[in-house]
Amino acid sequence: MASTSDIRNGLCIKYNNDIYKIIEFLHVKPGKGPAFVRTKLRSLTTGKVLDNTFSAGHKIEDVRVETQTFQFLYAEGDDFHFMNNETFEQISLNKSILDSPGLLKEGTNVMVQINTETDLPLSVDMPASVILEVTYAEPGIKGNTATNATKSATVETGATVNVPLFINEGDKVKIDTASGSYMERVKE
């Protein structure tokens, strides 16, 4: 058993007969009244996001997880296939477990959290950023705006990302996997 002081991003807990992963949390100490923790939880079985508030000191039941490195092999419909880098065992996970499946490139290493009690995969943690090649981008017109403007571009995985006007087809861009936003252009 853990308490609200142990809450952190990525912690898996049992709540309402389901297993949830904490996406966001905020400890709040109002001037009047008791402290509490505001959280955003994602169900690892359905993928639904739930807002919940725990009072300070509330006991929560955490789930023992083990993290292993897997390599993304390929996608087949809504199923994504991964291989364990140590045992070469392959697993298939549904698209709903992934945070940003559109940014997952074949050969990318990800961290898979596995429930130690049932040996079932709970969630997939993507790398903080990925480098992808732009396959389609409309040409940017110089002098078109007075401020930082963006245009949509399609990357090699098929995802659409807003990029600055100077990005062209064939450029490699670094993308933040948490927000799906452009970070920088990568020069080779």
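I will try to describe carefully the structure that is included in this document. (Residues numbered from 1 in each chain as written. Predicted model: local features only at pLDDT ≥ 70, side-chain atom pairs only at ≥ 80, totals over all residues. Heavy atoms only, no water.)

1. Brief notes about the overall build of the chain
The number of helices and strands found in the chain is zero helices and 16 strands. Principal-axis analysis of the C-alpha atoms places the extent of the chain at approximately 55 × 50 × 25 Å. Of all 188 residues assigned to the chain, the portion counted as buried reaches 35%. Restricting to contacts in the chain with at least 6 residues of sequence separation, those with at least 24 account for 44%. (Helix = DSSP H or I, 4+ residues; strand = E, 2+ residues; numbered from the N terminus. Buried < 20%, exposed > 50% of the residue type's maximum accessible area, 1.4 Å probe, protein only. Contact = heavy atoms within 4.5 Å.)

2. Remarks on the sheet that holds strand S3 (residues 18–28)
An order of S1-S6-S2-S3-S4-S5 is seen for the six strands of this open sheet, with the pairing classed as antiparallel. With partners counted over all chains shown, the strands left at the sheet margins are strand S1 (2–3) and strand S5 (49–55), one partner each. Taken together, the seven bridges between strand S4 (residues 36–43) and S5 define a ladder with antiparallel strand orientation. Paired with Arg42 across the two strands is Val49, which belongs to S5. (Pairing = 2+ DSSP bridges.)

3. Looking at the sheet that holds strand S11 (residues 121–125)
One open sheet holds the five strands; their spatial order is S9-S8-S7-S10-S11, and the pairing between them is antiparallel. The open sheet has two edge strands with one neighbour each: strand S9 (90–94) and S11. Ignoring strand direction, the axes of neighbouring strands in this sheet form an average angle of 40°. The sheet contact formed by strand S7 (residues 65–76) and strand S8 (residues 79–84) spans six bridges and is antiparallel. Pairing of Phe72 across the sheet is with Phe82, part of S8. (Axes fitted to C-alpha atoms, helices over the stretch in contact; angles between N-to-C directions.)

4. Here's the deal with the pattern of salt bridges
Under the criterion given, the structure shown has seven salt bridges. Linking Lys14 and Glu61 is a salt bridge whose minimum nitrogen-to-oxygen distance equals 3.9 Å. Of this pair, Lys14 sits in strand S2 (residues 12–15) while Glu61 sits in strand S6 (residues 59–62), and the two are 47 residues apart along the sequence. We note a salt bridge from Lys21 to Asp125, for which the minimum N-O separation is 2.5 Å. Within this pair, whereas Lys21 is found in strand S3, its partner Asp125 is found in strand S11, the two being separated by 104 residues in sequence. (Salt bridge = Lys/Arg side-chain N within 4 Å of Asp/Glu carboxyl O.)

5. Regarding the packing of aromatic side chains
All chains considered together, the criterion is met by four aromatic pairs. With a centroid separation of 5.5 Å and an interplanar angle of 55°, the aromatic rings of Phe72 and Phe82 are classed as tilted. Separated by 10 residues along the polypeptide, Phe72 in strand S7 and Phe82 in strand S8 bring together distant segments of the chain. On the basis of relative accessible area, Phe82 is assigned to the buried category, the value being 0%. (Phe/Tyr/Trp six-rings, centres within 6.5 Å; stacked < 30°, edge-to-face > 60°.)

So far we have only geometry, and geometry alone does not tell us how the molecule works.
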